[in-house]
Amino acid sequence: MATETPAQAGKRVLALVAKHEPKAEVLVSAAYDHRTHTRFARNEITTSGDGDDWSLSITVQLGLRSATVTTNQLDRESLDKLVQRTIANVKLSPELPETMPVLGAMKVTPSALHDPAMARLD
């Protein structure tokens, strides 16, 4: 199973929801996390490592009902199941009279707090 990039996964999710529920509003969010750790024992490093993790959240809204599901599995089969599970959940969820429509497309600007030199440190 080939893993898709978050952008490809987001586009795939949007297309799948549109296919199964054309009237649904959809919000897709991607998150990236880079973690490192170092463990010390007896004044020496015993373990260290790092890892990268992407996650994808989708919110599907049908009228006054909505459901959100998150995954870190970006292969095609998992994304298909994610969409099916989210649509099933939204149909089971209660109506919320305070529900607002999903926001339109947004352009996100890079954070001024991000320091590329710091991010490259190992």
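What comes next concerns the included structure. (Residues numbered from 1 in each chain as written. Predicted model: local features only at pLDDT ≥ 70, side-chain atom pairs only at ≥ 80, totals over all residues. Heavy atoms only, no water.)

Examining the overall build of the protein
Then, in step 1: Broken down by element type, the protein carries three helices and three strands.
Then, in step 2: Start at the N end of the protein and walk to the C end: the helices and strands fall as α-β-β-β-α-α.
Then, in step 3: Expected size for 122 residues packed as a compact globule is a radius of gyration near 14 Å; at 19 Å, the protein overshoots this value by more than 25%.
Then, in step 4: The dimensions of the protein, computed from C-alpha atoms along their principal axes, are 60 × 35 × 30 Å.
Then, in step 5: Expressed as a percentage of its 122 residues, the buried residues of the protein come to 24%.
Then, in step 6: Counted over contacts in the protein with a minimum sequence separation of 6, partners at least 24 positions apart contribute 58%.
Then, in step 7: Total accessible area on the protein is roughly 9,300 Å²; 55% of this is exposed by carbon and sulfur atoms. (Helix = DSSP H or I, 4+ residues; strand = E, 2+ residues; numbered from the N terminus. Rg over C-alpha atoms; globule rule 2.2 N^0.38 Å. Buried < 20%, exposed > 50% of the residue type's maximum accessible area, 1.4 Å probe, protein only. Contact = heavy atoms within 4.5 Å. Areas by Shrake-Rupley, 256 points an atom, 1.4 Å probe, with all protein chains shown as cover.)

Here's the deal with the sheet that holds strand E3 (residues 65-71)
Then, in step 1: Spatial strand order, E1-E2-E3: three strands in an open sheet with antiparallel pairing. At either margin of the open sheet sits one strand with a lone partner, and together these are strand E1 (25-41) and E3. Going across the sheet, the axis of each strand differs from the next one's by a mean of 20 degrees, ignoring polarity.
Then, in step 2: Bridging between E1 and strand E2 (residues 44-62) involves 17 bridges; their strand directions are antiparallel. (Pairing = 2+ DSSP bridges. Axes fitted to C-alpha atoms, helices over the stretch in contact; angles between N-to-C directions.)

Looking at the pairing of E3
Looking along a regular strand, one sees the side chains alternate between the two faces of the sheet.
Then, in step 1: Across seven bridges, the pairing between E2 and E3 is antiparallel. Bridge assignment links Leu56 to a residue of E3, and that residue is Thr71.
Then, in step 2: As consecutive antiparallel partners, E2 and E3 are separated by two residues, and within that stretch Gly63 has a phi angle of approximately 60 degrees, a positive value.

Considerations on unusual backbone geometry
Then, in step 1: The phi angle at Arg42 is positive, at roughly 50 degrees, despite the residue not being glycine.
Then, in step 2: Among the secondary structure elements, Arg42 is positioned in the loop between E1 and E2.
Then, in step 3: On the basis of relative accessibility, which here comes to 72%, the residue Arg42 falls in the exposed class.
Then, in step 4: Phi at Asn43 is positive, roughly 60 degrees, even though this residue is not glycine.

Description of the layout of surface pockets
Then, in step 1: Of the voids in this model, the largest pocket is the one considered here, and its volume is about 370 Å³.
Then, in step 2: Lining the largest pocket are 15 residues, and of these Leu27, Val28, Gly104, Ala105 and Met106 lie nearest its centre.
Then, in step 3: Residue assignment for the lining of the largest pocket shows that the elements contributing at least two residues are helix H1 (6-20) and E1.
Then, in step 4: The element best represented in the lining of the largest pocket is E1, accounting for six residues.
Then, in step 5: Tallied by class, the residues present in the lining of the largest pocket amount to eleven nonpolar, three polar and one charged. (1 Å grid on protein atoms, 1.4 Å probe; cavity = no way out; pocket = protein on both sides within 12 Å on 5 of 7 lines; lining within 4 Å. Points joined across faces, edges and corners; volume = space filled by probe spheres on them. Nonpolar A, V, L, I, M, F, W, Y, C, P; charged D, E, K, R; others polar.)

Details of the packing of aromatic side chains
Then, in step 1: All told, the structure shown has one aromatic pair when counted by the stated rule.
Then, in step 2: On the numbers, 5.1 Å between centres and 50 degrees between planes, the contact of Tyr32 with Trp54 is tilted. One end of the pair, Tyr32, is in strand E1; the other, Trp54, is in strand E2, with 22 residues separating them in the sequence.
Then, in step 3: For Tyr32, a relative accessible area of 46% puts it in the partly exposed group. (Phe/Tyr/Trp six-rings, centres within 6.5 Å; stacked < 30°, edge-to-face > 60°.)

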